Amino acid sequence: MAIWKTMFACYGVFFTGLALASGGSGPARLVLAVSGLFILTYFTCGAVLARLGGRDATQVGPGKPLQTIYGPMSAGAVWAQVLTVPIALAFFGLAIVLVAAQAGL
């Protein structure tokens, strides 16, 4: 569950950065709202689909490696693979704010 919260927080930082950098223009707000709805749909569908089948007997327990077709993965490796793009987006959102601030927007 913590990985989902971290991912959601990264997207929150990204969208906040875009909202701050856009200066509150109407078209930018519309695009951000639509994009936010897509992200909300992504997380909602993922949560619903994860709970549909109930508890999986092959589900990984805490402290156990995730078995993949390429071999076992540690929890740190799973976190790194899942959160690489969201963390990069969060840094991108912060960079956009810094660039907009330097440009005086």
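Here, the structure is the one placed above.
Residues numbered from 1 in each chain as written. Predicted model: local features only at pLDDT ≥ 70, side-chain atom pairs only at ≥ 80, totals over all residues. Heavy atoms only, no water.

1. Observations regarding the packing of helix 1 (residues 2-21) against helix 3 (residues 75-103)
The N-to-C vectors of helix 1 and helix 3 enclose an angle of 20°; their axes lie 8 Å apart at closest approach. With respect to each other, helix 1 and helix 3 are oriented roughly parallel. Note that helix 1 runs across helix 3; the crossing there is left-handed. Tallied by class, residues from the contact of helix 1 with helix 3 come to 23 nonpolar, 3 polar and no charged. (Axes fitted to C-alpha atoms, helices over the stretch in contact; angles between N-to-C directions. Helix = DSSP H or I, 4+ residues; strand = E, 2+ residues; numbered from the N terminus. Parallel < 35°, antiparallel > 145°, perpendicular 65-115°, else oblique. Left-handed = near helix turned anticlockwise from the far one by under 90°. Nonpolar A, V, L, I, M, F, W, Y, C, P; charged D, E, K, R; others polar.)

2. With respect to a nonpolar patch on the surface
There is a patch of nonpolar side chains on the surface, built from Val-13, Ile-87, Phe-91 and Leu-94 and spanning about 350 Å² of accessible area. With 3 residues, the top contributor of residues to the nonpolar patch is helix 3. If you trace the backbone, Phe-91 turns up in helix 3. (Patch = residues over 30% accessible without salt bridge, like charges linked within 9 Å, V, L, I, M, F, W, Y side chains within 5 Å. Areas by Shrake-Rupley, 256 points an atom, 1.4 Å probe, with all protein chains shown as cover. Salt bridge = Lys/Arg side-chain N within 4 Å of Asp/Glu carboxyl O.)

3. So, the environment of Pro-62
Counting through the fold element by element, Pro-62 comes out in the loop between helix 2 (26-52) and strand 1 (66-68). A relative accessible area of 83% means that Pro-62 is categorised as exposed. (Buried < 20%, exposed > 50% of the residue type's maximum accessible area, 1.4 Å probe, protein only.)

4. Re helix 2
Compared with an ideal rise of 1.5 Å per residue, which puts 27 residues at 39 Å, helix 2 spans 39 Å between its outermost C-alpha atoms and is within 8% of the ideal. For helix 2, the complete set of buried residues consists of Ala-28, Leu-32, Ile-39 and Phe-43. Buried positions along helix 2 lie against helix 1. (Expected span 1.5 Å × (residues − 1). Contact = heavy atoms within 4.5 Å.)

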